[in-house]
Amino acid sequence: MASITKSYEPRDVEKKWYAAWQAAGCFAGRVNPARAPYCIMIPPPNVTGVLTMGHVLNNTIQDILIRRARLEGREAMWLPGMDHAGIATQTVVERELRKQKKHRRDLGRDKFLEQVWSWKEEKGGIILQQLQALGASADWSRTQFTMDPAYSQAVLGVFVDLYGKGHIYRGKRMVNWCPASLTALSDEEVIMKPVKGFIYQVRYELADQPGKFITVKTTRPETIPGDVAIAVHPEDPRYAAWIGKKVRRALGPKAEIPIIADAAVDREFGTGALKITPAHDKVDFEIGQRHKLAPIDVLTPDGTLNALAGPELAGMERFAGRKKAVELLKESGALVKEEPYENNIGYSERADVPIEPRLTWQWWLKYPRIEEAKAAVRDGHIKFHPERWSKVYLHWLENIQDWCISRQLWWGHRIPVWYAKGLDKETLTAADLADPKKVHVSLAGPADKANWVQEDDVLDTWASSWLWPFATLGWPDKDAMAKAGYDYFYPTTTLVTGPDIIFFWVARMIMAGLEFVRPGEPLERRIPFKHVYFTGIIRDASGRKMSKSLGNSPDPLDLIAKYGADGLRFGIISIAPQGQDIRFQEDRIESGKNFCNKLWNACRFRQMSGDMADNSALAAILARLEPAKFDADDHAILDRLLSTTREVDRSFAEFEFSAAVQALYGFFWNDFCDWYVEVSKTKLQDPATKANCLAIQDLVLRQTLHLLHPFTPFITEELWQLLGYGAEGKLLMRDSQLENCSQLAGRGLQIDSAAAALIGQLKAVVSQVRAFKAEHGEAANKASELIVEASDAHWAVLEANLGKLKRMMGAASVLRGKMSPDAPATVTAYGSWNLIKSRGRGSDPAAEKARLAKELETLARHIAGTEARLANEAFVSKAPPAVLDGAKKQLADQQARQAELTRLLKSLG
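Cut-offs applied
- Residues numbered from 1 in each chain as written.
- Predicted model: local features only at pLDDT ≥ 70, side-chain atom pairs only at ≥ 80, totals over all residues.
- Heavy atoms only, no water.
- Helix = DSSP H or I, 4+ residues; strand = E, 2+ residues; numbered from the N terminus.
- Buried < 20%, exposed > 50% of the residue type's maximum accessible area, 1.4 Å probe, protein only.
- Contact = heavy atoms within 4.5 Å.
- Areas by Shrake-Rupley, 256 points an atom, 1.4 Å probe, with all protein chains shown as cover.
- Expected span 1.5 Å × (residues − 1).
- Salt bridge = Lys/Arg side-chain N within 4 Å of Asp/Glu carboxyl O.
- Pairing = 2+ DSSP bridges.
- Axes fitted to C-alpha atoms, helices over the stretch in contact; angles between N-to-C directions.
- Parallel < 35°, antiparallel > 145°, perpendicular 65-115°, else oblique.
- Nonpolar A, V, L, I, M, F, W, Y, C, P; charged D, E, K, R; others polar.
- Left-handed = near helix turned anticlockwise from the far one by under 90°.
- Core = buried A, V, L, I, M, F, W, Y, C linked by side-chain atoms within 4.5 Å.
- Phe/Tyr/Trp six-rings, centres within 6.5 Å; stacked < 30°, edge-to-face > 60°.
- Lys NZ or Arg CZ within 6 Å of the ring centre and 35° of its normal.
- Disulfide = S-S within 2.5 Å.

(A) Focus on the overall build of the protein. Scanning the protein for helices and strands turns up 33 helices and 29 strands. Looking at the protein residue by residue over its 909 residues, the buried ones come to 54%. Look at the contacts in the protein between residues 6 or more apart in sequence, and 78% of them connect residues 24 or more apart. A total of about 39,400 Å² of accessible surface is found on the protein, and carbon and sulfur atoms cover 52% of it.

Structure, rendered in structure tokens:
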């Protein structure tokens, strides 16, 4: 077996093992009735995408889950793929055309789509290659693309089906509109930005009382020609006498418009009077609908003011039109005041221009299976982690609105609707849409296509990705479904995603599964997944969301090059508590690398400490143990191995991955490396204890590599082989004999809990002394002189272990003594132990009293914080029992330390 090199080189190891895993078919998910399935469908990244820190977090968690499932003996399948990302991809290709001074319309639809496909084949999908550098163990042979022929047939077939059921209709309603891309946008494609501008106070003259005015505030004076009313709150006494009167529009074509009453008006904003422009504001549109007011659209699709805006404004770009409108209002005397104002404006995510609320003809979907979708989460068939997101989900379903599923793009799934030639789409009635002689809806299209014109619009990208959990498994083609293992892998097990798309994607996938999968079967057989884990948002040190545009996001590939893929994975998970936003700190990624180095060095120390015996199976290692020779340190490390295994098991069951990483870090670094390896150095010199000590190290290292593998797959696979755990080259990734605590105990690991507890006490004393020395500026390895004030029972424990303790805490002598007000000394407290370090003649009792007082002050704040947590009903009701017990123990320890410090302070006079 090869020797472990002095230093760990991640790049070579990562490249070697990823290729080996792929060659061995380790990532393939196969139907295996003898095993329980475990399936994850990747949230498909945009085909235009490149790896971000958000992708790192999301996909690391997915890989952790899928690797853990393999180790547990399940048939794991992680299906990868990409989303065609309609507007994002079309924007990229159009940008390339503009460099050639061309527009997509110069090419025509077919030629343009050829360009998009060419771009996709040449440059699309880079992110999937980058995920491999992270160690993603997805079944790449199953890679899907939402524009693949089979997938596209499923998407269009669903449109036809829902249209036939009456769920899809065509209507003119308010949408988010991008004046640059000339398409409707989903809310998810709109980014809110704070914008500094102006708010204008404008007065409208009463039609029957010249010289009397009602005043409104607006940020958009260029839309005044589209005003159809002024609205006030029905209970606002300032305007009770004005309701029903008319005013003259302040700008544009002269017209009289009514003053109406509507409860949607915010009496506290501005003057309490609101201009109603239904064609250019969503709230105004709803008010207009209630009062049967016809909208007046004063903008063209590209944001240019049209003839309805009046001759002074017609033809002007909207923002230039705003300046002109202000000039005209000033000239007429209608402008009362102009003030600086900052508000949030929606921007098109791709085009980066302010969107317009716009009335357009679009295709809409009335959601199916809403009540079942509520029941799926409410009744626990689908579990959200953290659970709090279920309330958000259910609230949205209670207030759900129809979904705009059409987009004015060319790249995407073209809607399978054909219109008889000569029909004007803008004037179609509901009766026309129901007339098969005028409108044809089918997958194949009409037989005589020469007399028909297909709909130009494509489907919203989400209207394809909502089918992702089952369309990727061949649905609805029975042969493809059988080949993909549809019956075996569906419902899938876990979805890992962000809470920002809980409505756009998660809820819609649930409804799609309930509508289309296994009709008539129980709900739990139709849901798309059983668990949903919501990640947090990665933010920088200032709390800003990481993004390329802000320049505050590191390149993950640079981090991999610097710290290794395992270092990045371990580091990012360590700072990602369940469902909470993450403050990114690169030093935590460095800590991940340092942990990998620690693991490497510990395994190298084991290899150098003695011959490697038969490590090819757990049973072989256990057979080498000699329990009769176990001392307290042996019992303690095995006890901690079992308790850490229990904590990792619990963490996976409760989706608390950072807790698992922290448990493994603490166990391996503190318990194994800093304690057991150090005390082993004496045992390894004694032939009577060496073999047993090495066997224990082999057992601990084997189980640690198993537990760590999902988090740090590359280094664990390398060390697994180098330490001989892989019999005849058997891969750790394929070793499905992950032993839980009960199994290990059943194999003869009987722990002396009293002996283990004793070592726990000794560790606590050593830890306190090390911290004590560090606090007073002494090197850890300096031979200090220590005096211990302790009870007879405590001193007996220390005295029996003095040799070990002096080595571990760096002490030349440890004596028993009493605290004296007259003896210059520095003291500290730890539970029942009071440690007095000799300071010599130069010590300053007054300074020591000040130090103790300061420490008590800090401790009091910590105690108050812990008490507040335990008094918080929300924390107590939601915290896992282990976390709650930990908080109670922490409080008890803090209070005990407070009592000791208080006593010590008093003893100093």
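(B) Helix H31 (residues 845-871), seen in detail. Over its 27 residues, H31 extends 38 Å from the first C-alpha to the last, a length consistent with the 39 Å expected when each residue adds 1.5 Å. Taken together, the buried positions of H31 are occupied by Glu848, Arg851, Leu852, Glu855, Leu856, Leu859, Ile863 and Thr866.

(C) Main features of the pattern of salt bridges. The final tally for this structure, using the stated rule, is 64 salt bridges. Taking the shortest distance from any N to any O, the salt bridge between glutamate 72 and arginine 74 comes out at 3.3 Å. For glutamate 72, a relative accessible area of 36% gives the class partly exposed. Classification of arginine 74 by relative accessible area gives partly exposed; the value is 30%. Arginine 702 serves as the salt-bridge partner of aspartate 735, at 4.0 Å between the closest nitrogen and oxygen. Within this pair, whereas aspartate 735 is found in the loop between helix H26 (713-722) and helix H27 (741-746), its partner arginine 702 is found in helix H25 (residues 687-708), the two being separated by 33 residues in sequence. Within this structure, Asp161, Lys165, Arg369, Glu372, Glu515 and Arg526 form a network of salt bridges that share partners.

(D) The sheet that holds strand S19 (residues 439-441), seen in detail. With antiparallel pairing, three strands are arranged side by side in an open sheet as S19-S18-S20. If you trace the sheet from one side to the other, it starts and ends with S19 and strand S20 (452-454), each paired once. In this sheet, neighbouring strand axes are inclined to one another by 30° on average, regardless of whether the strands run parallel or antiparallel.

(E) Fine view of the sheet that holds strand S8 (residues 213-218). One open sheet accounts for three strands, arranged S8-S7-S13; its pairing is antiparallel. Strands at the two margins of the open sheet, each flanked by one partner only, are S8 and strand S13 (335-348). In this sheet, neighbouring strand axes are inclined to one another by 20° on average, regardless of whether the strands run parallel or antiparallel. Here strand S7 (residues 190-205) runs beside S13; their pairing, made up of 13 bridges, is antiparallel. Following the sheet pairing, valine 202 is matched in S13 by leucine 335. Relative to the sheet, helix H9 (residues 318-332) contacts S7 and S13, its axis offset from that of S13 by approximately 160°.

(F) Layout of the packing of helix H3 (residues 86-99) against helix H5 (residues 109-123). At a minimum axis separation of 10 Å, H3 and H5 run at an interaxial angle of 105°. With respect to their mutual orientation, H3 and H5 come out roughly perpendicular. For the pair formed by H3 and H5, the contact residues are Thr89, Gln90, Val92, Val93, Glu94 and Leu97 on the first element and Phe112, Gln115, Val116 and Trp119 on the second. In terms of residue class, the contact of H3 with H5 is built from six nonpolar, three polar and one charged.

(G) Quick peek at the packing of H25 against H26. At a closest axis distance of 9 Å, the pairing of H25 and H26 adopts a crossing angle of 155°. In terms of their interaxial angle, H25 and H26 are classed as roughly antiparallel. For the element pair H25 and H26, the recorded crossing hand is left-handed. Between H25 and H26, the contacting residues are Arg702, Leu705, His706 and Leu708 on the first element and Thr716, Leu719 and Trp720 on the second.

(H) Representation of the nonpolar core in the model. In this structure, Phe384, Leu467, Ile510, Ile572 and Phe672 are the most contacted members of the largest nonpolar core, which totals 206 residues. Considering every element that reaches this core, the biggest residue donor is helix H24 (residues 657-683), with 13 residues. Discounting chain neighbours no more than four positions away, the residues touching isoleucine 572 are Met53, Val56, Leu57, Ile538, Phe584 and Ile589. Membership of the second largest hydrophobic core comes to 28 residues, among which are Val216, Leu313, Val326 and Leu329.

(I) Inspection of the side chain of glutamine 144 at higher detail. By secondary structure assignment, the location of glutamine 144 is in strand S4 (residues 144-145). When neighbours within four sequence positions are excluded, glutamine 144 is seen to be in contact with Leu79, Pro80, Gly81, Met82, Tyr151, Trp468, Ala471 and Thr472.

(J) Region of the structure containing the packing of aromatic side chains. With the rule as written, the count across this model stands at 41 aromatic pairs. Taken together, a centroid distance of 5.2 Å and an interplanar angle of 65° make the contact between tyrosine 533 and phenylalanine 657 edge-to-face. In this pair, tyrosine 533 sits in strand S23 (residues 529-534) while phenylalanine 657 sits in helix H24, placing the two residues 124 residues apart along the sequence. Overall, the relative accessible area of 1% leaves tyrosine 533 in the buried class. With centroids separated by 6.0 Å and ring planes inclined at 80°, the aromatic side chains of phenylalanine 655 and phenylalanine 657 adopt a geometry described as edge-to-face. Over the aromatic face of tryptophan 21 sits the side chain of arginine 67, whose NZ or CZ is 4.6 Å from the ring centroid.

(K) Examining the environment of glycine 270 more closely. Structurally, glycine 270 can be placed in the loop between strand S11 (256-261) and strand S12 (273-276). Separated by 40 residues in sequence, glycine 270 and glycine 310 have C-alpha atoms that sit 27 Å apart.

(L) Layout of unusual backbone geometry. In the segment running from tryptophan 475 into proline 476, the intervening peptide bond is cis, with an omega of 5°. Looking at the secondary structure, you find proline 476 in the loop between helix H14 (468-471) and helix H15 (478-484). Here the bond from tyrosine 490 into proline 491 is cis, since omega is 5°, no more than 30 degrees from zero. With respect to the helices and strands, the residue proline 491 is situated in the loop between helix H16 (486-489) and strand S22 (492-497). Despite not being glycine, alanine 85 shows a phi value in the positive range, around 50°. Here alanine 85 is to be found in the loop between strand S3 (81-82) and H3. With relative accessibility at 6%, the residue alanine 85 sits in the buried group. Phi at arginine 369 is positive, roughly 60°, even though this residue is not glycine. Of note, arginine 369 is situated in the loop between strand S14 (356-365) and helix H10 (370-378).

(M) Region of interest: the environment of alanine 602. You can see alanine 602 is positioned in helix H21 (residues 586-609). Here the alpha-carbon distance between alanine 602 and valine 677, two residues 75 residues apart in the chain, equals 8.1 Å. Here alanine 602 is in contact with Phe668, Phe672 and Cys673, once residues within four sequence places are set aside.

(N) Looking closely at H3. Taking 1.5 Å of rise per residue, 14 residues should cover 20 Å, and H3 covers 20 Å from first to last C-alpha, within 8% of that figure. Counting buried positions over the 14 residues of H3 gives ten, a clear majority of the element. By the burial criterion, the buried members of H3 are Gly86, Ile87, Ala88, Thr89, Gln90, Thr91, Val92, Val93, Glu94 and Leu97. In this structure, the buried residues of H3 make contact with helix H4 (104-107), H5 and strand S6 (183-185). Taken from the residues just after H3, lysine 101 is the one with a positive phi, measuring 60°.

(O) Summary view of the pairing of S14. Burial analysis of S14 places nine of its ten residues in the buried class, the great majority of the element. Sheet analysis places strand S5 (residues 168-178) next to S14, joined by ten bridges and oriented antiparallel. Across the sheet, the residue bridging to lysine 172 is tryptophan 361, located in S14. Summarising the sheet, S14 and strand S16 (residues 403-404) pair through two bridges and their orientation is antiparallel.

(P) Layout of the state of the cysteines. Taken as a whole, this structure holds zero disulfides when the rule is applied. The cysteine cysteine 178 is free of any disulfide, with cysteine 404 supplying the nearest cysteine sulfur at 14 Å. Take cysteine 178: its relative accessible area is 0%, and that puts it in the buried class. Looking at cysteine 596, it has no disulfide partner, and the nearest cysteine sulfur is the one in cysteine 603, 11 Å off. Its relative accessible area of 4% is what places cysteine 596 among the buried residues.

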